[in-house]
Amino acid sequence: MKRKGISRIVLVSIIVAVIIAAGVAYVFVASNQNQGTNQGTTPTQKIRISGAGSTFVAYFMQTAAYHYAQKYPVEVDYASIGSGGGIKQFMEKTVDFGASDAPLPRSQWEKAGDALHIPVVIGAVVVVYNIPEIPSNIRLKFTGQIVADIYLGKITKWNDPALVSLNPQLANIDKPITVVHRSDGSGTTYVFTQYLSVVSQEWAEKVGYSTSVNWPAPNKIGGRGNEGVAGVVQKTPYTIGYVEFTYAVKNNIPYGMLDNPSTGEFVEPTIQTIAKTVDYIALTLPRGDEDWSEVSIIVSFFELAKTNKNLSGAFPVVSFVYVFIYKELSKVPGMTKEKAKALVEFLRWLVKDGQQYAEPLYYVPLPQSVTNLALETLSMAKFQGSNL
Amino acid sequence: MKMFSLKKFYNLAFISICVIAFILAMIPLAWILIEVIIRGISALSIELLINTANPPGIPGGGIANYIQGTIILVGLASLIGFPVGLLLGIFLSEYKEHKLAPYVRFFVEVFAEFPAIVIGIFIYVILVRGDIFKLFGVEKVCIGGFCIGATGFAAIAGAISLALLMIPIVAKSVEESLSLVPISIKEAALSLGMSRWKSVFIISISYARSGILLAYILALSRIAGEAAPLLLTVLGSFYWFTGLFDRIGALPLAIFTYGISPFEDLKAQAWAASLLLILAILILNIGLKIIIKRKFAW
Amino acid sequence: MKGDKVFLYILIFVSLLFILTVFLLGLELYRGSENVFRIFGINFVLTSGWDPVKNIFGIAPLILGSFITCLIALIIAVPLSLFIAYFLNELTPYQLKPYFSSLIELLAAVPSVVYGLWALLVLAPFLRDNVYLPLQRALSFIPFFQGAVTGYGILTAGIVLSIMILPTITSITREALGLVPSPIKEAAISLGAMQYQVALLLFKYIKLAIIGAIILGFARAFGEAMAVAMIIGGKHDFPSHIFDTGYTLPSIIVNEFTEAVNPLHYDSLVAVGFVLFLIALANIVVARLIIYRTTRFMKGVVV
């Protein structure tokens, strides 16, 4: 009987050993399958940079990081958790950099002390919807006021006269509108609600703008991240939502036109119309180490539109995406000189060569003046006092 | 006997309801498994299993780094969780007269069905953000040349949160298994002059070893599927493991992130990842149950 | 024996460490939420409102959402579990028992994210088109059934939770059924009782254990975060109709925790964690009072 016992134990040990060997072999084989030039470097030589924030920019950021990792032994891990997350985790120093479509609120900027704002790309927020009866090549027209009223809960049905007057096809769609919003802290929400505050006095008073607001509409669903909102609208008929332009295009979700406050025409969001908006406003941006809480392409554009009625072909809901880093990078626990150097190098690349990845993904690259500003800001970054 | 009897009818009805109830329970099970298998297999490929994750739209991406991440996290967690759970289980079963025992038992039970997300908050606050160090007024603790402070989002934080989840599961099962050891065996060992601790370790544990192994496997499969604490402690990653203090990916996290996205290629990968995860859990559970049953045969 | 003393000290050390960790958990949760309770007091759990711009936070709708989803889950799962437990223990032929049991246990082996994925991409659209919409059309005269139907929300979450807690309740019930001393069952059968009468008898006998099982199932459903977060729809207010979206305590943490910038918003979420902690404590206290009474009672009856 003792024999039987031992052989069972031997059997188990062999099986366990085989499993472990298989696992090790798998990992070994798979990690050599990895990106081209990095085959030579061992894992310990790679530098890992941890970033998080805006889902708005996630597509661009992750794609850029992927291509960067093909060229350099630097792996930038960008987690798409929402601009609120970008701001919060930056403030908590749990990540190496944060990204957000909303600039740091003044109170946070003061608390951070030496936060640097680095604009990295430009994007737009578009209105998406899901109405099965409308063919996807038709773009519904919305005015800012109408969108605000929908999100205020004042317009509750798709065949509301205000909507029908702009889009006769909606006349027979007697369905309730379910608004989709962000359930997480979102820069896209910040941009969108800022737009709503500018076009609708009622919205400005009742709700205001922020990364997270109290949504008044009665029928609503919260989605997590741009991805979540896009996903919900995609799956649920008769919903309306707001997402970063690229999420609408890449997933074939119908998006609408918005009215240009300057000329009154309905503008379709395209790379050109988004870029136009930025071109029109004379961008006077603060220095990278100053307070950016008042910076807003939307507010500047609407201000300009009050007097200049010739700003045609410009899409009204446009925003920068910012990356935040501390000027003194050693403040972040776990930061080393190499990491800091790698981080700054990556950001330098991002605002210059990295911009090539913007347009294919439906983002708008930074104008040269902004790139220069960003590079200047990056040169301010230090590690324990020394330049990077 | 041939007449229609109300009681017979009730009986028949009752039995039918029991059978129907069982079938009803099988419907969602079959549904989920079929969906996972069909959608998972259609997304499965060698590429998927070997390549690391790509951003949406770039073909050739895979879930290999998530597989590695799950293995590492679960492995690390069990390194901490199993010994602690084992010791607690031993304490509860062999030293139940000790005055600490009721407290330990109470808190083990509280933790056993504890919302995992709150453990995530806990670890986020004390490790990721580093409050435990602030509590003692230091920024980091250095032993020799090795310093740790606030970890940021890191594999070690995720592993510890999973370990915390694992401990009560292991402790409960170990206590149960050990309590099944017949007193006669324990008494025999003691009466032969064995010290108490030896009798526990050598006699009781080897008697109950199949139950303990099962407890270990059960706990492993529970935490392998946990995403909630990882969401707050590890934040996910697209790359191979580079260090305990770096971020790391894991299958359940990927399933969550990819699943709620609108990108079809990512959603397909989420199904494949689900298939892998369920397969792994099943193989673990069933495979070891078979081995253990055969062990018990003698 | 010295080895014994050392061993005991190790065990005590580990136990103390464990208890300390639990206390640390409670402490950190409390410290994090101190602010919130200071500002809102008891109103935090009694009022609604979730406005990070105006700094108003009340979790009453979340608590209600948690309770309603768990209630729906229990209403579906408990009767099913009881019948299934009896089926597995008493009606299944001996040879099939292990297989059927494993099938039910399989339900527990599916990780909650996979439940969430399936519910999000398969169940919710299915329910919306094949159950909710027809139901709404049929019952449209009842105001409680009017409203936008999306497939996500409290009802769907309740259904998914019921699937998840079914194996838990079933296994506890089966255990209790197994603990019933056989003379009781034998006596009943020898008196000519049929299955359903035996069942009634046994279930009456293990009444308390069933209540305990319900409480544990409730605890499990209450704490479920991932699956619910994926399909609950994220509405911070009281649900206004049966198909409405809502929120539960754990799912709001999943969705909002890492990005709560506003300090009061963040503290409110930690406070939600603290409330969950207290409820988890309460669950165990109540469950213990009931289950332990049962097992002691049954162990007292010597065969």
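Everything that follows concerns the structure shown earlier in this document.
Everything numeric in this text was worked out from a predicted model, so none of it was measured. In this numbering scheme, every chain counts its residues from 1 along its sequence in written order. Note on labels: chains are lettered from A, ligands numbered from 1, in written order. Confidence filtering applies because this is a predicted model: local features only for residues at pLDDT of at least 70, side-chain atom pairs given and counted only at 80 or more, and all residues used for totals across whole chains, interfaces and linings.

**Q** Help me get a handle on the sheet that holds strand β8 (residues 239-244) of chain A, residues and values and all.
**A** Residue and element names in this part refer to chain A. Should DSSP find at least two bridges between two strands, the strands are regarded as paired. A run of H or I in DSSP becomes a helix once it reaches four residues, and a run of E becomes a strand once it reaches two; helices and strands are each numbered from the N terminus. What the eight strands build is an open sheet, ordered β2-β1-β3-β11-β4-β8-β6-β7; its pairing is mixed. Each end of this open sheet is capped by a strand with a single partner; those strands are β2 (74-80) and β7 (220-223). Taken pair by pair, the neighbouring strands of this sheet meet at an average axis angle of 25°, ignoring direction. Inspection of the sheet shows strand β1 (residues 47-53) paired to β2 by seven bridges, in the parallel sense. Across the sheet, the residue bridging to G51 is Y78, located in β2. Between the N-to-C directions of two axes lies an angle of 0 to 180 degrees, each axis being a line fitted to C-alpha atoms and, for a helix, fitted only over the stretch in contact.

**Q** Would you mind going over the environment of Y247 of chain C in detail, with residue names and values included?
**A** All names here are of chain C. Tracing the backbone through its elements, the reader meets Y247 in the loop between α10 (226-231) and α11 (249-256). For the pair formed by Y247 and P111, sequence separation is 136 residues and the distance between their alpha carbons is 21 Å. Each residue gets a C-beta atom placed from its backbone, and two residues are in contact if those atoms lie within 7 Å. Not counting the four nearest positions on each side in its chain, Y247 is found in contact with P61, L62, G65, I232, G234, K235, H236 and I252.

**Q** If you had to explain the interface of chain A and chain C to someone new, which residues and values would you point to?
**A** With 26 residues of chain A at the contact, the number on the chain C side is 21 residues. Sorting the residues of the side of chain A that touches chain C by element identifies α3 (83-92) and β7 of chain A as the ones contributing at least two each. Ranked by residue count, the leading element in the side of chain A that touches chain C is α3 of chain A, at five residues. The residue makeup of the side of chain A that touches chain C, split by class, is five nonpolar, 16 polar and five charged. Amino acids outside the nonpolar list (Ala, Val, Leu, Ile, Met, Phe, Trp, Tyr, Cys, Pro) and the charged list (Asp, Glu, Lys, Arg) are all regarded as polar, and Gly is one of them.

**Q** Summarise the nonpolar core; cite the residues concerned and give the values.
**A** It is characteristic of soluble globular proteins that their nonpolar side chains tend to be buried jointly. Ranked by internal contacts, the top residues of the largest apolar core, which has 338 residues, are L88 and V170 of chain B together with V160 of chain C. At 16 residues, helix α7 (residues 155-179) of chain B tops the list of elements feeding residues into this core. Those residues in contact with V160 of chain C that sit more than four places away from it in its chain are Y115, A119, L123, A227 and I231 of chain C. The term nonpolar core means buried Ala, Val, Leu, Ile, Met, Phe, Trp, Tyr and Cys residues held together as one set by C-beta atoms within 7 Å. Here the C-beta atoms are placed from the backbone, and a residue counts as buried if at least 20 other C-beta atoms lie within 10 Å of its own, exposed if 12 or fewer do, and partly exposed otherwise.

**Q** Can you break down helix α13 (residues 337-351) of chain A residue by residue, with the values?
**A** To estimate the expected span of a helix, subtract one from its residue number and multiply by 1.5 Å. The end-to-end C-alpha distance of α13 of chain A is 22 Å, a good match for the 21 Å that 15 residues give at a rise of 1.5 Å each. Among the residues of α13 of chain A, those classed as buried are A340, A342, L343, V344, F346, L347, L350 and V351 of chain A.

**Q** Tell me about the sheet that holds strand β5 (residues 141-142) of chain A, and name the residues and values.
**A** Strand order in the open sheet formed by three strands is β5-β9-β10 (chain A), with mixed pairing between adjacent strands. Every interior strand has two partners, whereas the edge strands, β5 and β10 (266-267) of chain A, have only one.

**Q** Could you give an account of the packing of helix α5 (residues 116-128) of chain B against helix α1 (residues 2-40) of chain C, naming the residues involved and the relevant values?
**A** Between α5 of chain B and α1 of chain C, whose axes approach to 10 Å, the crossing angle comes to 85°. Between α5 of chain B and α1 of chain C, the angle falls in the class roughly perpendicular. Of the residues in α1 of chain C, those in contact with F122, V125 and I126 of chain B of α5 of chain B are L25, E28 and G32 of chain C. Here the contact of α5 of chain B with α1 of chain C is built from residues that sort into four nonpolar, one polar and one charged. For classification purposes, angles smaller than 35 degrees are called roughly parallel, those larger than 145 roughly antiparallel, those between 65 and 115 roughly perpendicular, and all remaining angles oblique.

**Q** A description of the interface of chain B and chain C should follow, citing residues and the corresponding values.
**A** Interface size is often expressed as the accessible area that is lost when the parts come together. Taken together, the 66 residues of chain B in the interface contact 62 residues of chain C. At 18 residues, the largest contribution of residues to the side of chain B that touches chain C is made by helix α1 (residues 6-43) of chain B. Its residues placed into classes, the side of chain B that touches chain C shows 51 nonpolar, seven polar and eight charged.

**Q** Lay out the packing of α1 of chain B against helix α3 (residues 60-91) of chain C with the relevant residues and their values.
**A** Between α1 of chain B and α3 of chain C, the least distance of the axes is 8 Å, while the angle of their chain directions is 110°. Of the possible angle classes, the one that applies to α1 of chain B and α3 of chain C is roughly perpendicular. Contacts between α1 of chain B and α3 of chain C involve I15, I17, C18, V19, A21, F22, L24 and A25 of chain B from the first element and L80, F83, I84, Y86, F87 and L91 of chain C from the second. A class-by-class count of the residues in the contact of α1 of chain B with α3 of chain C yields 14 nonpolar, no polar and no charged.

Structural measurements only, silent on function.
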